[in-house]
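The primary structure of each chain is shown beneath.
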Amino acid sequence: TDFDEDSEQYEFAKQDLEKYSKDPFIDWIIVYYHRHIYGSGSLEEDTDFKEIYHPLFDKYKVDLALQGHLHVYERTYPITFNSDDDDEPIVQDNNPNNIFNNPKGPIFATVGTGGAHDMTLSSLDDYAAKGIEGKFGILDIELEGDQKPLKASFIENGKKKEIMDEFKIV
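Here the structure is a predicted model, which is why all the values come from computation and not from measurement.

J.: Teacher, can you tell me more about the overall build of the protein here?
T.: On a plain count of helices and strands, the protein comes out with two helices and eleven strands. For the protein, the N- to C-terminal ordering of α and β elements is α-β-α-β-β-β-β-β-β-β-β-β-β. Rg of the C-alpha trace for the protein: 16 Å, near the compact-globule value of 15 Å for 170 residues, within the 12% margin. If you line up the protein on its principal axes, its C-alpha atoms span 45 × 40 × 25 Å. Positive and negative charge centroids in the protein, built from 17 and 36 side chains respectively, lie 9 Å apart.

J.: In this structure, what is going on with the side chain of His 54? I would like to understand it.
T.: Tracing the chain through its elements places His 54 in helix 2 (residues 47-59). The exposure class of His 54 is buried, given its relative accessible area of 0%.

J.: Can you walk me through the packing of helix 1 (residues 8-21) against helix 2 in this structure?
T.: The geometry of helix 1 relative to helix 2 is characterised by a closest axis approach of 10 Å and an angle of 10 degrees between their N-to-C directions. Looking at the two axes, helix 1 sits roughly parallel to helix 2. Here helix 1 contributes Gln 9, Tyr 10, Ala 13, Lys 14 and Leu 17 to the contact with helix 2, which in turn contributes Ile 52, Tyr 53, Leu 56 and Phe 57. Taken together, the residues that form the contact of helix 1 with helix 2 break down as seven nonpolar, one polar and one charged.

J.: What is the right way to read the pattern of salt bridges from this model?
T.: Opposite charge on two side chains permits pairing when their charged atoms draw close. Scanning the model with the defined rule gives five salt bridges in all. One salt bridge in this structure joins Asp 165 and Arg 75, with 2.7 Å as the shortest N-O distance. With a gap of 90 residues between them, Asp 165 in strand 11 (residues 163-169) and Arg 75 in strand 3 (residues 72-76) connect regions that are remote in the sequence. According to the relative accessible area criterion, Arg 75 is buried, its value standing at 1%. One salt bridge in this structure joins Glu 166 and Lys 151, with 3.7 Å as the shortest N-O distance. Taken together, the residues span a long stretch of sequence, with Glu 166 in strand 11 and Lys 151 in strand 10 (residues 150-156) at a distance of 15 residues. On the accessibility criterion, Glu 166 (35% relative accessible area) is partly exposed.

J.: I tried to follow the layout of surface pockets on my own but got confused; where do I start?
T.: Over the atoms rolls a probe the size of a water molecule, and in doing so it shows where empty space is left. The computed volume of the largest pocket comes to approximately 450 Å³. If you trace the largest pocket, you find 22 residues lining it, with Asp 27, Lys 61, Asp 63, Asn 102 and Pro 103 closest to the centre. If you list the elements that add at least two residues to the lining of the largest pocket, you get helix 1 and helix 2. When its residues are assigned to classes, the lining of the largest pocket shows eleven nonpolar, four polar and seven charged.

Conventions we followed
Residues numbered from 1 in each chain as written. Predicted model: local features only at pLDDT ≥ 70, side-chain atom pairs only at ≥ 80, totals over all residues. Heavy atoms only, no water. Helix = DSSP H or I, 4+ residues; strand = E, 2+ residues; numbered from the N terminus. Rg over C-alpha atoms; globule rule 2.2 N^0.38 Å. Lys, Arg positive; Asp, Glu negative; His and termini not counted. Charge placed at Lys NZ, Arg CZ, Asp CG, Glu CD. Buried < 20%, exposed > 50% of the residue type's maximum accessible area, 1.4 Å probe, protein only. Axes fitted to C-alpha atoms, helices over the stretch in contact; angles between N-to-C directions. Parallel < 35°, antiparallel > 145°, perpendicular 65-115°, else oblique. Contact = heavy atoms within 4.5 Å. Nonpolar A, V, L, I, M, F, W, Y, C, P; charged D, E, K, R; others polar. Salt bridge = Lys/Arg side-chain N within 4 Å of Asp/Glu carboxyl O. 1 Å grid on protein atoms, 1.4 Å probe; cavity = no way out; pocket = protein on both sides within 12 Å on 5 of 7 lines; lining within 4 Å. Points joined across faces, edges and corners; volume = space filled by probe spheres on them.

Structural data, given as structure tokens:
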């Protein structure tokens, strides 16, 4: 599907993000697409998609971007697009306790762990907060209480159901 700035797909995404970013009843904007645009894995990132859509995600205050393609789990810190070097996004918050208060950029999570196999991560990029390879698992996302923080937990799909990563967006 054509996704460049002149395409129907881009216009759909832009109009949808603009509409819901202005809606006072919408607390969270979460996008999903298949090909990863940030990742430390062995497969190349989709740089064309990144150059077109990450600035759109920043403009319309996307909170979380779920991506696949890599059969690993990887999560970034909140990042914004770097127009000077699209391979080096700008880390907006690298809080080690993984609680992000009103972050200035989306968190990108690669959750390709339904098909985990021998795909590996190289050394994690500076913008990556967590990387897990070789584990089957899910990302459980929940909304809590009146303040409506978004809490996400990567849970290994094994006998123990071990939580291997957690983060919260307030």
